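An overview of the molecular structure
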Amino acid sequence: HAQRACEAALSAQAAIARLNRRWQDQGLPFCFRTRMGLTTGLAIVGNIGSDNRMGYTAIGDQVNLASRLEGANKFYGTSILLSEPTRNGLVADRFVTRLVDQLVAYGKTVPIKVYELVGREGEVSEDVLVTVADYEAAFSLYQQRAFAEASQRLERHPDDPPSRVLLQRCRSYLDQPPPDSWDGSFLLTSK
């Protein structure tokens, strides 16, 4: 299911890009953008409600997490975010992913690793692969409290939204370091 979900998400993003190009060719100013959050876990799915009002839906902690990941895309400037269980369910060398953050999602207390689904292996440009590698190296330095070194790597990619987010955080921690109890997690304070 993780493979299929990632394929579906990438296919949907490609279809949206085609639609936007067609609209631009027609001179329409509107640009449609969508964000997706994918996670793996248990949920209750089916017809839920009463005799008076019934709806087919999914409920549960993982459904809420997927919603939080979808919203977190706006914060990071990404389009598709995966939880660690979904990322771990992927066949190696089929997709390019990037560890974006270790965060405590809004309304949660336990940190999770969050990955960006960058694209299919073999379809991602060399420039993007370099950005991904630099970002992940910078993120490792960030988690080791080497904020100056992480900043140097992130400054190489000013057009990459996640790099800008992490760079701003590193600079903030250079001015005011996190407490000794900090475990490298970031608290996401909105949905």
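Right above here is the structure, for reference.
Structural notes, computed from the coordinates. (Residues numbered from 1 in each chain as written. Predicted model: local features only at pLDDT ≥ 70, side-chain atom pairs only at ≥ 80, totals over all residues. Heavy atoms only, no water.)

So, about the sheet that holds strand β6 (residues 112-120). Spatially, five strands are ordered β1-β4-β6-β5-β7 in an open sheet, and the strand pairing comes out mixed. Each having just a single partner strand, β1 (36-38) and β7 (186-187) make up the two edges of the open sheet. Summarising the sheet, β1 and strand β4 (residues 80-83) pair through three bridges and their orientation is parallel. In the sheet register, M36 faces β4, and the bridge partner there is I80. (Pairing = 2+ DSSP bridges. Helix = DSSP H or I, 4+ residues; strand = E, 2+ residues; numbered from the N terminus.)

Bringing the side chain of T78 into the picture now. For T78, the position within the fold is in the loop between α2 (61-76) and β4. We classify T78 as buried; its relative accessible area is 1%. In this structure the side chain of T78 is engaged in a polar contact, spanning 2.6 Å, whose partner is the side chain of N73. Among residues more than four places away in sequence, those in contact with T78 are R33, R35, N73, E116 and P162. (Buried < 20%, exposed > 50% of the residue type's maximum accessible area, 1.4 Å probe, protein only. Polar contact = N/O pair within 3.5 Å; in protein donor to acceptor, adjacent residues only side chain to side chain. Contact = heavy atoms within 4.5 Å.)

Here the focus is a nonpolar patch on the surface. The grouping of I44, I48 and I59 at the surface amounts to a nonpolar patch, some 240 Å² of accessible area in total. For I59, the position within the fold is in strand β3 (residues 54-59). Residue classification places I59 among the partly exposed residues on the basis of a relative accessible area of 39%. (Patch = residues over 30% accessible without salt bridge, like charges linked within 9 Å, V, L, I, M, F, W, Y side chains within 5 Å. Areas by Shrake-Rupley, 256 points an atom, 1.4 Å probe, with all protein chains shown as cover. Salt bridge = Lys/Arg side-chain N within 4 Å of Asp/Glu carboxyl O.)

This part covers the pattern of salt bridges. Using the criterion set out here, one finds ten salt bridges in the structure. Of the charged contacts, one joins K108 and D61 as a salt bridge, the two residues approaching to 2.3 Å between their closest N and O atoms. Within this pair, whereas K108 is found in the loop between β5 (95-104) and β6, its partner D61 is found in helix α2, the two being separated by 47 residues in sequence. Judged by its relative accessible area of 22%, K108 is partly exposed. Of the residues examined, D61 reaches a relative accessible area of 44% and is grouped as partly exposed. We note a salt bridge from R156 to D134, for which the minimum N-O separation is 3.3 Å. Separated by 22 residues along the polypeptide, R156 in the loop between α5 (147-154) and α6 (161-175) and D134 in helix α4 (residues 126-143) bring together distant segments of the chain. Note on D134: relative accessible area 10%, which makes it buried. Among the charged side chains, a network of salt bridges with common partners joins E7, R94, R120 and E123.

Purely geometric stuff here, so don't read any function into it on its own.
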